[in-house]
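# A structural walkthrough
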Amino acid sequence: MITPSEIAQFIQNDSASTKKRLAKVGLDYYEGRHDIRNYKIFYIDASGEVKEDKTKSNIRISHPFFTEIVDQIVPYLLSGEDGFVKSDDPALQGYLDEYFNNNDEFMAELADTITGVQAKGFDWMFAKRDENGKTCFQWADCMGVVECEPKYTSDHRAYIIYWYEDRTDKDGNKIYNIRVYDDAGVYFFTRVNEGEIIPDKTVKPNPQPHSTYQDGNPGGLSYGFIPFFRMDNNKKQVSALPPVKDLIDDYDLMNAGLSNNIQDTNEALYVVRGFQGDNLDELMTNIRAKKHIGVDEDGGVDVQTVDIPVEARKTKMEVDEKNIYRFGFALNTAGLKDTAATTNLAIQSAYSLLELRAKKLENRLKPFLRKLVGVVLAEVNEENGTDYQQKDVYFEFEREIPTNAQENAQIELVEAQRKQTEITTILNLAGTIDDETKLQLICEQLDLDFTEIKDKVPKPEENATAEAQAALGGIQPEGDAV
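Residues numbered from 1 in each chain as written. Predicted model: local features only at pLDDT ≥ 70, side-chain atom pairs only at ≥ 80, totals over all residues. Heavy atoms only, no water.

### Focus: the overall build of the protein chain
Broken down by element type, the protein chain carries 14 helices and 16 strands. Out of the 482 residues belonging to the protein chain, those deemed buried represent 36%. Within the protein chain, contacts between residues separated by at least 24 positions form 60% of all contacts whose residues are at least 6 apart in sequence. As displayed, the protein chain has an accessible area near 28,900 Å², and 51% of this comes from carbon and sulfur atoms. (Helix = DSSP H or I, 4+ residues; strand = E, 2+ residues; numbered from the N terminus. Buried < 20%, exposed > 50% of the residue type's maximum accessible area, 1.4 Å probe, protein only. Contact = heavy atoms within 4.5 Å. Areas by Shrake-Rupley, 256 points an atom, 1.4 Å probe, with all protein chains shown as cover.)

### Here we look at the packing of aromatic side chains
A complete count under the given rule lists 19 aromatic pairs for this structure. With centroids separated by 5.1 Å and ring planes inclined at 10°, the aromatic side chains of Phe84 and Phe397 adopt a geometry described as stacked. Remark: Phe397 occurs in the loop between β16 (394-395) and α11 (405-428) and Phe84 occurs in the loop between α3 (65-77) and β3 (85-86); sequence separation between them is 313 residues. In this structure Phe84 comes out as buried when scored by relative accessible area, which is 4%. For Phe397, a relative accessible area of 13% translates into the label buried. The interplanar angle of 70° and the centroid separation of 6.5 Å between the aromatic rings of Phe137 and Phe229 together place this pair among those described as edge-to-face. Taken together, the positions of Phe137 in strand β5 (residues 135-140) and Phe229 in strand β13 (residues 228-232) put the pair 92 residues apart, joining distant regions of the chain. No difference in accessibility class separates Phe137 from Phe229, as the two residues are buried. (Phe/Tyr/Trp six-rings, centres within 6.5 Å; stacked < 30°, edge-to-face > 60°.)

### Things to note about the sheet that holds strand β6 (residues 145-148)
Taken in spatial order, the 5 strands of this open sheet run β6-β7-β8-β9-β10, and their pairing is antiparallel. Edge strands, defined here as strands with exactly one partner in the open sheet, are β6 and β10 (198-199). Summarising the sheet, strand β8 (residues 174-181) and strand β9 (residues 186-192) pair through 7 bridges and their orientation is antiparallel. Bridge pairing in β9 links Tyr181 to Val186. (Pairing = 2+ DSSP bridges.)

### Here we look at the pairing of β9
Most of β9 sits out of view: 5 of its 7 residues are buried. Two strands pair when backbone bridges link them, and β9 and β10 are joined in this way by 2 bridges, in the antiparallel orientation. The partner of Phe189 across the bridge, within β10, is Pro199. The turn joining β9 and β10, which pair antiparallel and follow one another in sequence, is formed by 5 residues; a positive phi near 55° is taken by Asn193.

### Section: the sheet that holds strand β4 (residues 122-129)
Pairing is antiparallel across the open sheet formed by 3 strands, whose spatial order is β5-β4-β13. Edge positions in the open sheet fall to β5 and β13, since each of these has one partner strand only. The mean angle between the axes of side-by-side strands here comes to 30°, regardless of whether they run parallel or antiparallel. Where β4 meets β13, 5 bridges bridge the pair, whose relative direction is antiparallel. Each residue of the ladder has a partner; that of Phe126, found in β13, is Phe228. (Axes fitted to C-alpha atoms, helices over the stretch in contact; angles between N-to-C directions.)

### Quick look at the side chain of Glu355
In this fold, Glu355 is placed in helix α10 (residues 352-384). Excluding residues within four positions of it along the chain, Glu355 makes contact with Tyr76 and Arg399.

### Regarding a nonpolar patch on the surface
The grouping of Phe42, Ile44 and Val50 at the surface amounts to a nonpolar patch, some 340 Å² of accessible area in total. Tracing the sequence through the fold places Phe42 in strand β1 (residues 42-44). (Patch = residues over 30% accessible without salt bridge, like charges linked within 9 Å, V, L, I, M, F, W, Y side chains within 5 Å. Salt bridge = Lys/Arg side-chain N within 4 Å of Asp/Glu carboxyl O.)

### Side note on α10
With 33 residues, α10 extends 44 Å between its outermost C-alpha atoms, agreeing within 8% with the 48 Å of an ideal straight helix rising 1.5 Å per residue. Downstream of α10 by one or two residues, Gly385 has phi in the positive range, about 70°. (Expected span 1.5 Å × (residues − 1).)

### Overview of the pattern of salt bridges
This structure, assessed with the given rule, holds 23 salt bridges. In this structure, the salt-bridge partner of Asp166 is Arg167, at a minimum N-O distance of 3.1 Å. Lys316 is paired through a salt bridge with Asp250; the nearest N and O atoms lie 2.6 Å apart. Of this pair, Lys316 sits in helix α8 (residues 310-327) while Asp250 sits in helix α6 (residues 242-264), and the two are 66 residues apart along the sequence.

### Points about the nonpolar core
Among the nonpolar cores identified, the biggest contains 41 residues, and Phe100, Leu110, Phe137, Leu365, Phe368, Leu369 and Leu372 are the most heavily contacted of them. Of all the secondary structure elements, the ones that give two or more residues to this core are α3, α4 (90-101), α5 (104-120), β4, β13 and α10. In terms of residues, this core owes the most to one element, α10, which gives 12 residues. By size, the runner-up hydrophobic cluster in this structure holds 19 residues, among which are Leu241, Ile248, Met254 and Ala330. (Core = buried A, V, L, I, M, F, W, Y, C linked by side-chain atoms within 4.5 Å.)

### Details of the side chain of Asn101
Inspection of the secondary structure assignment puts Asn101 in helix α4. For Asn101, a relative accessible area of 11% gives the class buried. For Asn101, the side chain forms a polar contact with the main-chain nitrogen of Phe84, separated by 3.2 Å. In terms of polar contacts, Asn101 uses its side chain to reach the side chain of Asp97, at 2.8 Å. Leave out the neighbours within four places in its chain, and Asn101 touches Asp82, Gly83, Phe84, Val85, Gln93, Leu96 and Met107. (Polar contact = N/O pair within 3.5 Å; in protein donor to acceptor, adjacent residues only side chain to side chain.)

### Things to note about the pairing of β4
Burial of β4 is extensive: 7 of the 8 residues sit out of reach of the surface. Taken together, the 6 bridges between β4 and β5 define a ladder with antiparallel strand orientation. Counted as the bridge partner of Trp124 is Ala140 from β5. What sits between β4 and β5 in their antiparallel hairpin is a turn of 5 residues, with Gly133 showing a positive phi close to 80°.

Nothing here speaks to function; it is geometry throughout.
And the structure:
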C-alpha cells in the first residue's frame, strides 16, 4: 500500500499537470468564468509608465456559448426512446434494460460523465453495489481522480486516488475525503485543508472491499480489478473548448467594449466660450436645472457628441457568433425560430454539424460502454448460471431530429392522394385483369399482406351462389323443382 506522503505527492503532481490545467480552463468556460473577468485597461502616463486606468468603465460580461455547445450534445446523443444497449436475446435484453436503458440513475450519471468529457476532455465512472446487491455506476469528477501507475509507486502496484471536498467545519476548515482504490479494496483517508493525510477513523473497517453489499446483504465483495473507467473526448484528452475559445473571448471583448463605450459617452460634451460665472459647478447647474447659461458678447456654447462604433461591433459579434457554432459543431437555433417557415431539409441541414460531433463522440462512447457491460455480464452470469458474452451485446443510437409538422401533413396528404388515384386506376381496369391480380395491386398500395387478405376474400363460386340466392329471394329449391 502506498504511504500517505506518496498520496499527497501524487495529488500535488496531478493538480499541477498540463492535462488538469487544460481541464480546469474548460470547466471554467462551461461554468461561465471567462478570461474577460481578468480584463484590465491600462494607459501610459507622462513619465512613460504603464498604469491601470481605474477611471474608465470596465464592464466584463461572460457569454456562455460553451455551456450551450456542451449541453446540446448530451440530450441529442441519448435522445432514443428505446435505449441504446441492445441484444437479440430477449432474456439478456431484460437484464440490459434493468442495468442501463430503463435505469434513470444510470442515465443521469452517464449524462454527467459525457458533459464532463466534452467540457474537460475526459471523465470517469466507477462501479459499486447498491443496497440491493446490484452493481451500479456513478460519475466521478476527473478533477479529483488521480491515476497512479505501477512504475511510480513504492510497491509497484496500480492505484486510483479519488479525493473531493466533503464539507467545511465551523472554523472554516475544508475537510477532504480521500479514497485509494486497488484491485482488492478501498482505503479511506481524510485531510484538513492542505495538512497531513491520515486514515479516516470514522470508517470501519478500513480498508474495505470494493462493495459492502453482496446479494442484498452486508458483506464483502471485490471486483478483482480497480472499478474505475475513463472516457476520453479524443486521443489527447482535450475538451471541445480550444477550437472556439478565441472566438468566445473576442465576442466577450466586443460586447464589453460596446458597453464601456456607451457607459463612458452617455453624456454630451459642452464647449463654453465667455462663461459669466465663477466655477464649473455653476455651469453644470445652469445647464441641468435652468437649461441656460450666461455668456458675454463673444461667448457661445457648442454641444459635442461622440459617435460610438455600434454597427462595426455588432457586425463583428454576429460573425463571431456564427463561427462559434460553426467551429464548435453545434446547433445555431437562431435560424430555426420561425418553425412554420422552416422546411425539413433546412432543419436537417442545421443539425448536420451537431450530428457530425455526435457520431465522433459515439465512437468514443461505445468502447467505454463495453467496459461497463463487461462488469454487468460477469455479474449476471454469476447470479443466473448463464454464459452471456460481449458478442451478444451491441449498441444502437437513434437520435431524433425535429421536423416541420405542417410539411409532414402536406407530404402525407399528397401520398394519400397518389394512392387513391392508383387504386381508382386499378378498379377501372376490372375488365382487363383478373380479380386476384387486382387485389394484389390494391394490397401493394395499402401496404397490406396479400397472402393474408386473399384467404378472407369470397371465392367466385361463393359469389355466384350468393347472387342466385338473392335472385330467388332466399328460397331454397326442394326435390326436383326447378
